[in-house]
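Residues per chain are reported as follows:
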Amino acid sequence: MSEVNCIKTLRNEKGLSISAVATAMKVNWRTAKKYGDGDQLPQEKTHQKKGMMYTEKWGEIIIDWLDEDTKVKKKLRRTNKKMFEDLKAMGFKGSYRTVCDFIHEWRAAEDDEQSKGFERLSHPPGEAQLDFGTMEAVQDGEILDVHALTMSFPASNTGFAVPMPGENLECFLSGLQQLFQQAGGVPISIRIDNLTPAVKKVRKGDKEAELTDAFRHFQQYYGFKVQVCNPSKGNEKGHVERKVGYVRYNFFSTPPVIKDFDDLREQLEQQLKKDRQRVHYKKEELIEDLWLEEQQQLLKLPEEPYPVFKQFAIDFNKYNEFKLDQHLIHVPRARNNVQLYCIVYWDSFKVITNEGEILLSDARPYMKKRRFIPWKDILKDWLKKPRIIGHSRYTPYLPGRIQEYLKVPSLALRKQRINELITLLVNHDMKEIDLNFYEYLARNSEEQEHPYGVKWTDYDALSSNGKEDTAHE
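What you see is a predicted model; the values in this text were computed from it and never measured. (Residues numbered from 1 in each chain as written. Predicted model: local features only at pLDDT ≥ 70, side-chain atom pairs only at ≥ 80, totals over all residues. Heavy atoms only, no water.)

Check the secondary structure of the protein chain and you find 19 helices and 14 strands. Counting across all 473 residues of the protein chain, residues that qualify as buried make up 44%. Contacts in the protein chain between residues far apart in sequence, at least 24 positions, make up 61% of those at least 6 positions apart. Of the roughly 27200 Å² of accessible surface on the protein chain, 49% is carried by carbon and sulfur atoms. (Helix = DSSP H or I, 4+ residues; strand = E, 2+ residues; numbered from the N terminus. Buried < 20%, exposed > 50% of the residue type's maximum accessible area, 1.4 Å probe, protein only. Contact = heavy atoms within 4.5 Å. Areas by Shrake-Rupley, 256 points an atom, 1.4 Å probe, with all protein chains shown as cover.)

Listed below in structure tokens is the structure:
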């Protein structure tokens, strides 16, 4: 800066010509002209963002995902790791750190609240903690609420989780049995909070918590001890609460597509088994190695599993109906018997006579409980940004033929087809549209011919599942 000041002094105060200033300062004539006669006013500096996240499509995809996730519950949003893995599957060549830095910058700009740390807990080997966590999955194109019963072992940081349809006594005890099977043994002690199926009276003053009779019998059969947390003291089982969050954010950040609960249980078991191949956050050993040591401390499983069911006498109304899980169940032959009984398991029930004859057997009502995906609202969002269809969290939940119908390269045609679906959704749900796909398309094709149209019967005939699709006609 001193050189610039000298040039200005020679030019303005000494009155030298530009050539004389250039000679005296030994600089180029144009440099002398620029600083001698020009005004060097301060300017705000802008930094052009560079890199693949800004110059290529990857940044836009991440922003689409982040915007989309703001419309769902926080616990259902994608993690950085999940977004990085999805980008890699799409051909992304950058690093995990590049993605994290971009997300951090976006969230800082949006003034998102930063996550808080947690206190680490230490526990003896063989001690477990237990808790439910509510998550979501997608079955047959509809949202299914999943209550994941999670058991963690703080000593090795090992976790197990099984999906259940509810948090009643049958789900709780059946879920525990499945967890014992996956762990290969029974924990020495289990710390729980005041779960309704397990705790009849909470701890108060000098009086210990009182367990329900059913849970106490179950506990005595398997031989484990129970530690009940104080009321409103969830931090006393902080490890399993973190494990529930870990399962949710790593395996349910986008609801997985499942066939049934058995399929989801198998998926979770394999993912958590694979997760044990990482290094313990504190002990710097593989979690799998630590778990193999801790597993030796577990109690042996009994030869026969504890029979988990509930039986009660049924009171029918005048329509031969009784209530189960807040639903009315009709039993046609109920009036032909003096007394009938209902036996309920975690996933099914049966109605029997005094002699044991089964009059009715079916899945429990909550096994059929589903929530519709709000396709109309989602499609309206896609209408604003049709390119998001290729990487939206909701795209995998669409029926296959409708996915292909919307993935046409022309964005203008995408918008047109999205509008068609929105119109159809006024009077039909997505399942019905998929079932009558060709009929509805034929109606539209009579009105106008698409420049990028596809003959969908020919497409299905070429696809691997063409026979299945043809059967829908």
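Attention now moves to the side chain of Thr158. Secondary-structure assignment places Thr158 in strand β3 (residues 158-164). In this structure the side chain of Thr158 is engaged in a polar contact, spanning 2.8 Å, whose partner is the side chain of Ser156. Residues in contact with Thr158, not counting those within four places in the same chain, are Met151, Ser152, Phe153, Lys243, Arg276, Ile287 and Trp291. (Polar contact = N/O pair within 3.5 Å; in protein donor to acceptor, adjacent residues only side chain to side chain.)

Between helix α2 (residues 18-25) and helix α3 (residues 29-37), the least distance of the axes is 9 Å, while the angle of their chain directions is 110°. It follows from the interaxial angle that α2 and α3 lie roughly perpendicular. For the pair α2 and α3, the crossing hand works out as right-handed. Within the contact between the two elements, α2 uses Ile18, Ser19, Val21 and Ala22 and α3 uses Trp29, Ala32, Lys33 and Asp37. The residue makeup of the contact of α2 with α3, split by class, is five nonpolar, one polar and two charged. (Axes fitted to C-alpha atoms, helices over the stretch in contact; angles between N-to-C directions. Parallel < 35°, antiparallel > 145°, perpendicular 65-115°, else oblique. Left-handed = near helix turned anticlockwise from the far one by under 90°. Nonpolar A, V, L, I, M, F, W, Y, C, P; charged D, E, K, R; others polar.)

Taken together, the buried positions of helix α12 (residues 287-295) are Ile287, Glu288, Leu290, Trp291 and Glu294. End-on view of α12: buried residues confined to an arc of 160°, all on one side of the axis. Along its buried surface, α12 packs onto β1 (127-139), β2 (142-153), β3 and α8 (169-183). (Arc of directions from axis to C-beta.)

The N-to-C vectors of helix α5 (residues 58-69) and helix α6 (residues 80-89) enclose an angle of 135°; their axes lie 11 Å apart at closest approach. Accordingly, the angle class assigned to the pair α5 and α6 is oblique. Classified by chirality, the crossing of α6 by α5 is right-handed. Residues Trp58, Ile61, Ile62, Trp65 and Leu66 of α5 form the contact with α6, whose participating residues are Met83, Asp86 and Leu87. Among the residues forming the contact of α5 with α6, the class breakdown is seven nonpolar, no polar and one charged.

Right, let's get into the pairing of strand β9 (residues 321-324). Residues of β9 alternate between two faces, with Phe322 and Leu324 buried on one and Glu321 and Lys323 left unburied on the opposite face. As defined by bridge partners, β9 adjoins strand β10 (residues 327-330) across four bridges and the pair is classed as antiparallel. Bridged to Glu321 within β10 is His330. Taking the residues between adjacent antiparallel strands as the criterion, β9 and β10 are bridged by two residues, where Asp325 takes a positive phi near 55°. (Pairing = 2+ DSSP bridges.)

Attention shifts here to the pattern of salt bridges. Scanning all chains against the criterion turns up 28 salt bridges. A salt bridge links Glu241 to Lys237, with the nearest nitrogen and oxygen atoms 2.8 Å apart. (Salt bridge = Lys/Arg side-chain N within 4 Å of Asp/Glu carboxyl O.)

Turning our attention to the nonpolar core. If you look at the biggest cluster of nonpolar residues, it comprises 51 residues, and the most contacted ones within it are Leu130, Phe172, Phe180, Phe215 and Phe218. Counting only elements with at least two residues in this core, the list comes to β1, β2, β3, α8, β4 (189-192), α9 (213-222), α10 (238-251) and α11 (261-275). Broken down by element, this core gets its largest block of residues, seven residues, from α8. When residues no more than four places from it in sequence are discounted, the contact partners of Leu130 are Leu149, Thr150, Met151, Phe172, Leu176, Leu179, Ile190, Arg191, Ile192, Lys237 and Val240. (Core = buried A, V, L, I, M, F, W, Y, C linked by side-chain atoms within 4.5 Å.)

Take the side chain of Asn320 next. Summarising the element assignment, Asn320 is placed in the loop between β8 (310-313) and β9. The contact partners of Asn320, leaving out residues within four places of it in the chain, are Ile329, His330, Val331, Pro332, Ala334 and Arg335.

The next subject is the confidence of the model for the protein chain. Confidence in the prediction of the protein chain, expressed as mean pLDDT, is 84, and 87% of residues score 70 or more. Per-element confidence in the protein chain ranges from a low mean pLDDT of 44 for helix α19 (residues 466-470) to a high of 96 for α8. Here residues 447-453 scores under 50 on pLDDT; set against residues more than four positions off or in separate chains, the count is eleven contacts. Below a pLDDT of 50 lies the segment residues 466-473, which in the model reaches eleven contacts outside its immediate sequence neighbourhood of four places, other chains included. (pLDDT = per-residue confidence, 0-100.)

Right, let's get into unusual backbone geometry. Even without being a glycine, Asp140 presents a positive backbone phi close to 55°. Residues other than glycine seldom take positive phi values, yet Asp325 does so here, at roughly 55°. Relative to the helices and strands, Asp325 resides in the loop between β9 and β10.

The terminal C-alpha atoms of helix α7 (residues 96-109) lie 20 Å apart, and with 14 residues this matches the ideal 20 Å at 1.5 Å per residue to within 8%. Taken together, the buried positions of α7 are occupied by Val99, Cys100, Phe102, Ile103 and Trp106. Buried residues of α7 fall within an arc of 165° about the axis and therefore sit on the same side. Looking at α7, the residues exposed on the side facing more than 90 degrees away from the buried face are Arg97 and Ala109. Here the buried face of α7 lies against α4 (52-55), α5 and α6. (Expected span 1.5 Å × (residues − 1).)

Moving on, we come to empty space enclosed by the protein. Counted by the stated rule, this structure contains two cavities of 30 Å³ or more. The computed volume of the largest cavity comes to approximately 60 Å³. Around the largest cavity, the lining is made up of ten residues, and of these Tyr405, Leu421, Leu424, Phe437 and Leu441 lie nearest the centre. Those elements that place two or more of their residues in the lining of the largest cavity are α15 (411-424) and α17 (437-447). Among the residues making up the lining of the largest cavity, the classes are represented as seven nonpolar, one polar and two charged. (1 Å grid on protein atoms, 1.4 Å probe; cavity = no way out; pocket = protein on both sides within 12 Å on 5 of 7 lines; lining within 4 Å. Points joined across faces, edges and corners; volume = space filled by probe spheres on them.)

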